[in-house]
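# Results of the structural survey
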Amino acid sequence: MTFPKEHMKHALKLAKKGIYSVAPNPMVGCVIVKGDQVIGEGWHVKAGHNHAEINAIEDVKKKHGSTSKELLLGSDVYVTLEPCSSTGRTPPCSKALIKAGIKKVYIAQEDTSQEGLESLREANIEVEVGLLNDEAITLNTGFFTRINEGRPFVTCKIACSLDGGIALSNGESKWITCEESRKNAHHIRATSDAILTGIGTVLADNPSLTARIENQDFIDQGKDPLRCVVDSSLRITGKEKVLTDGHPTIIFTNKLVTKFDSENVSTIAKPDDNNKVSLKGLLHHLGQVGINNLMLEAGPILVDAMIEEELIDKFIFYMAPKILGTGKLNFSKLEGSIKNLGTIALEIEEAEVIGDDLRLAITPIYNRNEVK
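The structure contained in this document is the topic of the report that follows. (Residues numbered from 1 in each chain as written. Predicted model: local features only at pLDDT ≥ 70, side-chain atom pairs only at ≥ 80, totals over all residues. Heavy atoms only, no water.)

## Section: helix H4 (residues 93–100)
All of the buried residues in H4 are Cys93, Ser94, Ala96, Leu97 and Ala100. Across the axial projection of H4, the buried residues extend over an arc of 160 degrees, all falling on one side. Among the exposed residues of H4, those pointing more than 90 degrees away from its buried face are Lys95 and Lys99. Just downstream of H4 lies glycine 101, where phi reads positive at about 80 degrees. (Buried < 20%, exposed > 50% of the residue type's maximum accessible area, 1.4 Å probe, protein only. Helix = DSSP H or I, 4+ residues; strand = E, 2+ residues; numbered from the N terminus. Arc of directions from axis to C-beta.)

## So, the sheet that holds strand E2 (residues 37–43)
The five strands lie next to each other as E2-E1-E3-E4-E5, forming an open sheet whose pairing is mixed. For this open sheet the edge positions go to E2 and strand E5 (126–129), each flanked by a neighbour on one side alone. Along the sheet, successive strands turn relative to each other by an average axial angle of 15 degrees, direction set aside. (Pairing = 2+ DSSP bridges. Axes fitted to C-alpha atoms, helices over the stretch in contact; angles between N-to-C directions.)

## Focus: unusual backbone geometry
Following alanine 23, the chain continues to proline 24 via a peptide bond in cis, the omega torsion being 10 degrees. Looking at where proline 24 falls in the secondary structure, it is placed in the loop between helix H1 (4–15) and strand E1 (29–34). Phi angles above zero are rare outside glycine, and asparagine 206 is one such case at about 45 degrees. Mapped onto the fold, asparagine 206 is located in the loop between helix H9 (199–205) and helix H10 (216–221). Judged by relative accessible area, asparagine 206 falls into the partly exposed class, the value being 28%. The backbone of leucine 209 shows a phi angle near 55 degrees, a positive value even though the residue is not glycine. In this structure, leucine 209 sits in the loop between H9 and H10.

## Some words on the pattern of salt bridges
Where charged atoms of side chains with opposite charge meet at close range, the side chains can pair. All told, the structure shown has 13 salt bridges when counted by the stated rule. With a shortest N-O distance of 3.2 Å, glutamate 128 and lysine 104 are connected by a salt bridge. Of the two residues, glutamate 128 is situated in strand E5 and lysine 104 in strand E4 (residues 104–109); the sequence distance between them amounts to 24 residues. In this structure, the salt-bridge partner of glutamate 297 is lysine 157, at a minimum N-O distance of 3.3 Å. Here the residue glutamate 297 occupies a position in the loop between strand E12 (293–296) and helix H13 (300–308), and lysine 157 occupies one in strand E6 (residues 153–161), the gap between them amounting to 140 residues. We classify glutamate 297 as buried; its relative accessible area is 10%. Among the charged side chains, a salt-bridge network with shared partners connects Lys104, Glu126 and Glu128. (Salt bridge = Lys/Arg side-chain N within 4 Å of Asp/Glu carboxyl O.)

## Looking at the packing of aromatic side chains
Evaluated as defined, the whole model comprises three aromatic pairs. Ring centres of tyrosine 78 and tyrosine 106 lie 4.4 Å apart, and the angle between their planes is 0 degrees; this geometry places the pair in the stacked category. Taken together, the positions of tyrosine 78 in strand E3 (residues 76–81) and tyrosine 106 in strand E4 put the pair 28 residues apart, joining distant regions of the chain. As far as burial versus exposure is concerned, tyrosine 78 and tyrosine 106 are alike and both buried. Between the aromatic rings of phenylalanine 143 and phenylalanine 144, the centroid separation amounts to 4.9 Å while the plane-to-plane angle is 85 degrees, which identifies the pairing as edge-to-face. We note that phenylalanine 143, like phenylalanine 144, is buried. (Phe/Tyr/Trp six-rings, centres within 6.5 Å; stacked < 30°, edge-to-face > 60°.)

## A short note on the pairing of E6
Most of E6 sits inside the fold, with seven of its nine residues counted as buried. The sheet contact formed by E6 and E12 spans four bridges and is parallel. Paired with valine 154 across the bridge in E12 is leucine 294. Pairing of E6 with strand E13 (residues 314–320), which is carried by seven bridges, proceeds in the parallel orientation.

## Notes on the nonpolar core
Ranked by internal contacts, the top residues of the largest apolar core, which has 33 residues, are Leu196, Leu296, Met306 and Ile312. When sequence neighbours within four positions are dropped, the list of residues in contact with methionine 306 reads Val154, Leu196, Leu279, Leu283, Leu296, Leu311 and Ile312. Of all hydrophobic cores here, the second largest spans 28 residues; its members include Val77, Cys84, Leu117 and Phe143. (Core = buried A, V, L, I, M, F, W, Y, C linked by side-chain atoms within 4.5 Å. Contact = heavy atoms within 4.5 Å.)

Set out below in structure tokens:
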């Protein structure tokens, strides 16, 4: 016999199939069960297309034909997010479940912007909420960060030596981490909606900031993330790859200009009181245009500024078994307001060996004034 938790795990696995294509919507998976038999399954494939529940119902009809109506009647549904109750680009899923005669709906995570729970209960459908809730929250952290805070979830990727070096201070830069780490970093790019970097990185390295992964789902469904460049004084020349390769890029400056504006490039003024780019204003803009997950790949100046304003939600460190010594450029200088030991604590969420390197997923805990 398969227990409810196993069905919800399956629904969460299905939801992840939309990782490259559903933004700005959340990833959602759905499994329909009659007795102990899975009779249909579906996931949200792409924004503007059918939601997971509709796809699961259609899957039942496709697989079981003339008996599908009888099978759906009195069945159980496992869905990773509360069914929608409003009509947007697609019809409400709660009404579809009611019409199908579903007996019970297991929901991993509530969606406070919807009234799906109320609709189902009013139709005398039994509802159970919270099954594998933590896993469901993790799945759509970026979406709910944007909904609740008006900005994307920010992941800062740092490739460095054991002593924190990202390059040599004489300007020489070369690969520090191994090939496996670089492939993993490209996976993070592919699952991000946008990448943020600074003009210093663009001028020094002329990066493409595109996702290069050998994944057929990404090739078929995904698209390269939006590139975002912080360039307060507009030092960019127009010859850089991020402006000439045809992929979309936004340049954030301190004043309104249209010098580089084209079909794929736009400049947006977000000045702060010091005539630099307002990082909070930048993130608010990205939230408004539907960016759920933002990857920060930058040098120490921009990383420090993001840390000081407490705008980084997670760090991914790729640490190579190398020591660069005194002639290195550190990933962070922390020369601003962060001066005291313990001001920021780092909680290690994951640690794994990847190739020759150590990969750490770390959550910063801001405003911790006491070291315990």
